[in-house]
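What follows is each chain in one-letter form.
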Amino acid sequence: MKALPERFIGVTLTLGSIFVIDLNQVTPVHQLWLPLLLAAGAYLMTQSLMAVAIACGTLAYIHINTASPFWVDSTAYPIIVFLSGAIIAITLFKRFRQRISATHEARWARRQSANKDNS
């Protein structure tokens, strides 16, 4: 029941985007802005930036076309892939640092007891 209003807004954004989006239209609204609105809705529903970054990065990577004259395919999608990769890397680094910090005291205590046992 945590963050219920945000999750409800996320469901609303997601459903609204799904019903409006038409990926056959080659316009920035349908190729970029509505999918980003869908990603924002997914974040609000899941409360997981990592999951949304993985999904957005993967979908943008699949649709990159650097030879396309349409700026969304040639410029926006590579930027989304880069930003998603950066978010994933930062999140993994933070989780690693939190894990190291959380286990630091226990590891230090084991070392101290091992040193006392050897003395």
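Residues numbered from 1 in each chain as written. Predicted model: local features only at pLDDT ≥ 70, side-chain atom pairs only at ≥ 80, totals over all residues. Heavy atoms only, no water.

A. Focus on the packing of helix α3 (residues 49-63) against helix α4 (residues 71-118). Between α3 and α4, the least distance of the axes is 8 Å, while the angle of their chain directions is 150°. With respect to their mutual orientation, α3 and α4 come out roughly antiparallel. The way α3 lies across α4 gives a crossing that is left-handed. From α3, L49, M50, A53, I54, C56, G57, A60, Y61 and H63 reach across to α4, where they touch D73, Y77, I80, V81, S84, I87, I88, T91, L92 and R95. (Axes fitted to C-alpha atoms, helices over the stretch in contact; angles between N-to-C directions. Helix = DSSP H or I, 4+ residues; strand = E, 2+ residues; numbered from the N terminus. Parallel < 35°, antiparallel > 145°, perpendicular 65-115°, else oblique. Left-handed = near helix turned anticlockwise from the far one by under 90°. Contact = heavy atoms within 4.5 Å.)

B. Spotlight on the nonpolar core. L32, A60, F70, V72, A76, Y77 and I80 form the largest nonpolar core, which has seven residues in total. Among the elements that take part in this core, α4 stands out by supplying four residues, more than any other. In this structure, A76 is in contact with L32 and W71, ignoring residues within four places of it in sequence. (Core = buried A, V, L, I, M, F, W, Y, C linked by side-chain atoms within 4.5 Å. Buried < 20%, exposed > 50% of the residue type's maximum accessible area, 1.4 Å probe, protein only.)

C. Structural view of the layout of surface pockets. Taken as a whole, the largest pocket holds about 450 Å³ of empty space. As for the largest pocket, its lining consists of 19 residues, of which P35, L38, C56, L59 and A60 are closest to the centre. When contributions to the lining of the largest pocket are tallied by element, the ones reaching two or more residues are α2 (28-46), α3 and α4. The element contributing the most residues to the lining of the largest pocket is α2, with eight residues. Split by residue class, the lining of the largest pocket holds 16 nonpolar, three polar and no charged. (1 Å grid on protein atoms, 1.4 Å probe; cavity = no way out; pocket = protein on both sides within 12 Å on 5 of 7 lines; lining within 4 Å. Points joined across faces, edges and corners; volume = space filled by probe spheres on them. Nonpolar A, V, L, I, M, F, W, Y, C, P; charged D, E, K, R; others polar.)

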